[in-house]
Amino acid sequence: TFVVTENCIKCKYTDCVEVCPVDCFYEGPNFLVIHPDECIDCALCEPECPAEAIFSEDELPAGQEKFIELNAELAEEWPNITEMKDKLPDAEEWDGVEGKIEHLER
Ligand code: SF4
Ligand code: F3S
């Protein structure tokens, strides 16, 4: 399965949702997640993310392992998103900032 990781937080570009053939993205206030039971591992979303926040769970960068659980948990709580929308207002400024998990809103 594919996993949305920390750099999506406070950016949420949403390019990823447009390409998913099974519509398995779920949206929170400043982050979105992939439902692990619905993702078919097609890898189409990975290159679409301007923030490079999407990875296969087998290729997660160091320190991002906690996002496997977080995607599974939040996909059960948040509503589905299938259409691209505007990125968050300061997306460029937050792209690449470390420690954004502190800013995750639920
Ligand atoms: Fe959707 Fe494919 Fe990305 Fe999984 S890997 S979230 S199925 S686009
Ligand atoms: Fe997030 Fe990248 Fe999608 S920033 S909303 S994973 S395009």
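Provided above is the structure to which this section pertains.
### Comments concerning the overall build of the chain
Looking only at helices and strands, the chain has 3 helices and 4 strands in total. Taken from the N to the C terminus, the helices and strands of the chain come in the order β-α-β-β-β-α-α. Over its C-alpha atoms the chain spans a radius of gyration of 12 Å, differing by no more than 12% from the 13 Å that the globule rule assigns to 106 residues. Considered along the principal axes of its C-alpha atoms, the chain spans approximately 30 × 30 × 25 Å. Buried residues in the chain amount to 45% of all 106 residues. Within the chain, contacts between residues separated by at least 24 positions form 76% of all contacts whose residues are at least 6 apart in sequence. When the accessible surface of the chain is split by element, carbon and sulfur atoms take 46% of a total near 5,600 Å².

### Side note on the site of ligand 2
Around ligand 2, the neighbouring residues are Val4, Cys8, Lys12, Tyr13, Thr14, Asp15, Cys16, Leu32, Cys49, Pro50, Ala51 and Ile54. When grouped by side-chain class, the residues that make up the shell around ligand 2 number 9 nonpolar, 1 polar and 2 charged.

### Considerations on the site of ligand 1
Contacts to ligand 1 come from Phe2, Cys20, Pro21, Val22, Cys24, Phe25, Ile34, Cys39, Ile40, Cys42, Ala43 and Cys45. Here the shell around ligand 1 is composed, by residue class, of 12 nonpolar, no polar and no charged.

### What to know about the nonpolar core
Side chains of nonpolar character tend, in soluble globular proteins, to be buried together. The biggest cluster of nonpolar side chains holds 33 residues, and the ones touching the most others in it are Val4, Phe25, Phe31, Leu32, Ile34 and Ile54. Take this core: its biggest share by element is 4 residues, from helix α2 (residues 66–75). With near-sequence residues (within four places) excluded, Ile34 lies in contact with Thr1, Phe2, Val3, Val4, Cys24, Phe25, Cys39, Cys45, Ile54, Asn71 and Ala75.

Cut-offs used in this document
- Residues numbered from 1 in each chain as written.
- Chains lettered and ligands numbered in written order.
- Predicted model: local features only at pLDDT ≥ 70, side-chain atom pairs only at ≥ 80, totals over all residues.
- Heavy atoms only, no water.
- Helix = DSSP H or I, 4+ residues; strand = E, 2+ residues; numbered from the N terminus.
- Rg over C-alpha atoms; globule rule 2.2 N^0.38 Å.
- Buried < 20%, exposed > 50% of the residue type's maximum accessible area, 1.4 Å probe, protein only.
- Contact = heavy atoms within 4.5 Å.
- Areas by Shrake-Rupley, 256 points an atom, 1.4 Å probe, with all protein chains shown as cover.
- Near = heavy atom within 4 Å.
- Nonpolar A, V, L, I, M, F, W, Y, C, P; charged D, E, K, R; others polar.
- Core = buried A, V, L, I, M, F, W, Y, C linked by side-chain atoms within 4.5 Å.

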